[in-house]
Structures are given as structure tokens and as C-alpha cells.
Amino acid sequence: MQRLGVNVDHVATLRQARRAGYPDPVTAAALAELAGADQITVHVREDRRHMQDRDLLILRQTVRTVLNLEMAATADMVQVALAHGPDTVTLVPERREELTTEGGLDVGAHKDALRSTVRQLRDGDIEVSLFIDPEVEQIRAAHRLDVQVVELHTGRYCDADSDRQRTRELTRIVDAAKLAAHLGLRVAAGHGLSYENVRPVARIPEITELNIGHSIVARAVLVGMDRAVREMLELMRTA
Ligand code: PXP
């Protein structure tokens, strides 16, 4: 079965809506781990719109599984990562005005900057993942940069508005996962996955990890984090 990384950013989004001290994403992470999450994923944005440096500092001390930091490939964020030492960094494209991460990294277009970022992080003993669209050229470019992991962007599959389009997008993910695994990369996937659409992705054997945030936190608001995580794990297990 795939590992589940629970992204707790949206707990911080709720907190930051009022600049309050609650709800605390650190508590949410602990509850997710107790419910069986294999990893805690957080996106520290350059504008700190949801996760704060304080969250990362405490999560590094309290996460008992694996801490995966999503971040932009900038010099400032590399310093943040090296200071806090997450187990994995997932490099993502970031634009301030976007609602959420839209599209994967264009690895080929930014290969020189990415190469130096990847090197600094790996020298700091941090595993590096690149968040990319499920495309042959992106996977080959990621492989050339000597990263250990690629996370395939599942957004287009999740947003598909017909069965035909969904099947086509799923096939792209399957093919991309096969190629990445063949090249020796570990394969993760995420973005937009929900209780309704997770199962076909959970069945792809080459994918070893799913990172899921919005749907789990949204359900947790209504039924609690424990049940929200367990229900997702059950769907993955029985897929
Ligand atoms: N993986 C990556 C690389 C992401 O940027 C995000 C969104 O922060 C996710 C997974 C989780 O996406 P969602 O919140 O839609 O489940």
C-alpha cells in the first residue's frame, strides 16, 4: 500500500484567516500521525500566507514519521530548509497570486537554478523531490538533476470534467509513473486527490506515496482528523 502524507496547510489557513493562535497545524499533524498518516507535508510559502516558521520549527521537533517541506526553489527557502532539516523537500513552482500550486515545475527551463538548489539540499542530507506534471520530458529532466523523488501532479486528472478526459489523464499518470520508476526514481503523487477520486491513483503500483491536504482537512473540520485520515487510508488500502 502507498504511504499517505497528510498536508496540514489548510489548518493554518483557517488560523491565519483570523490571525488567531488556533487551530494549530502542529496539533493536527500529531492527530494525523496517531490516525496512521505516514508523513506530514507542509508548504511554507514565501509570503507565509498559511504555514509560519514557528510551525516548521515545532513540527521538526514533534513529527514522529517523516516531515516533507514543500517550497519554492529560492535562496531564502533553501536557508529555511537547511536551518530546519526536514526529511524531504519537495520543490514546487510558486506564484503569489495563485490560490494553490497550479501546474508542476518546468524542470528543463529552470535546470541551472534547480541543479544548484538540489545540490545544496542534498549536501544538507535532505531528500529532494520535484513536483512535476506527468510528462516524459519533465521526468527525464528531473532524472538528469539527480533528485531521488518525483511527485506527479494529479490536478488535471482530478479536475477532468468527463470520464473520457479523466481516463486520458490517468493514463498519463500511469505512463509517467512507469517511466520514473524505470529510471530509478521514487514516485509520489498529489494535488486535488479526494475521497471520490483517490482509488484509481492508489492502484498504481509504481506510486509509493500520496500527499493529500484539502480534502482531508475539509473532512476533518466536520468529522475530526482521526476519522478523516482513517477513511482516506481505508480507501487506499482497499483500492
Ligand atoms: N502535493 C503538492 C506538491 C502540493 O503543492 C499540494 C498542495 O499544497 C499537495 C500535494 C496537496 O494538494 P491538495 O491540498 O489539493 O490535496
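S.K.: Tell me about the side chain of Gln39, and name the residues and values.
M.R.: Positionally, Gln39 belongs in strand S2 (residues 39–43). A polar side-chain atom of Gln39 sits 3.0 Å from a polar atom in the side chain of Arg3. Once residues lying within four places of it in the same chain are set aside, the contact partners of Gln39 are Arg3, Leu4, Gly5, Val6, Thr65, Val66, Asn68, Glu209 and Asn211.

S.K.: Describe the site of the ligand, and please don't skip the residues or the numbers.
M.R.: Taken together, twelve residues surround the ligand, and among them Glu70, Glu151, Gly192, Gly213 and His214 come closest. In the environment of the ligand, an oxygen atom lies 3.1 Å from a nitrogen or oxygen atom belonging to the side chain of Glu70. Side-chain polar atom of Glu151 to a nitrogen atom of the ligand: 2.5 Å apart, as the coordinates give it. For the ligand, whose free accessible area comes to 400 Å², the fraction covered by protein is 94%. Considering only residue class, the shell around the ligand consists of three nonpolar, seven polar and two charged.

S.K.: How would you sum up helix H2 (residues 25–34)? Please name residues and give values.
M.R.: Listing the buried residues of H2 in full gives Pro25, Val26, Ala28, Ala29, Ala32 and Glu33. Looking down the long axis of H2, one finds its buried residues gathered within 160° of arc, a one-sided arrangement. Looking at where H2 begins, the residue whose side-chain oxygen comes 2.9 Å from the main-chain nitrogen of Val26 is Asp24. At the exit of H2 stands Gly36, carrying a positive phi of roughly 115°.

S.K.: Can you explain a nonpolar patch on the surface? Please cite residues and give values.
M.R.: Residues Leu14, Val221, Leu222 and Val223 make up a contiguous nonpolar surface patch of roughly 400 Å² in combined accessible area. Sorting elements by how many residues they give to the nonpolar patch places helix H10 (residues 214–223) first, with three residues. Mapped onto the elements of the fold, Leu222 is located in helix H10. On the basis of relative accessible area, Leu222 is assigned to the exposed category, the value being 73%.

S.K.: I'd like a rundown of the environment of Leu179, residues and numbers included.
M.R.: Secondary-structure assignment places Leu179 in helix H8 (residues 163–182). Leu179 sits 64 residues away from Arg115 along the chain, and the two C-alpha atoms are 21 Å apart. The contact partners of Leu179, leaving out residues within four places of it in the chain, are Val136, Ile139 and Arg140.

Reading the values: rules and limits
Residues numbered from 1 in each chain as written. Predicted model: local features only at pLDDT ≥ 70, side-chain atom pairs only at ≥ 80, totals over all residues. Heavy atoms only, no water. Helix = DSSP H or I, 4+ residues; strand = E, 2+ residues; numbered from the N terminus. Polar contact = N/O pair within 3.5 Å; in protein donor to acceptor, adjacent residues only side chain to side chain. Contact = heavy atoms within 4.5 Å. Near = heavy atom within 4 Å. Areas by Shrake-Rupley, 256 points an atom, 1.4 Å probe, with all protein chains shown as cover. Nonpolar A, V, L, I, M, F, W, Y, C, P; charged D, E, K, R; others polar. Buried < 20%, exposed > 50% of the residue type's maximum accessible area, 1.4 Å probe, protein only. Arc of directions from axis to C-beta. Patch = residues over 30% accessible without salt bridge, like charges linked within 9 Å, V, L, I, M, F, W, Y side chains within 5 Å. Salt bridge = Lys/Arg side-chain N within 4 Å of Asp/Glu carboxyl O.

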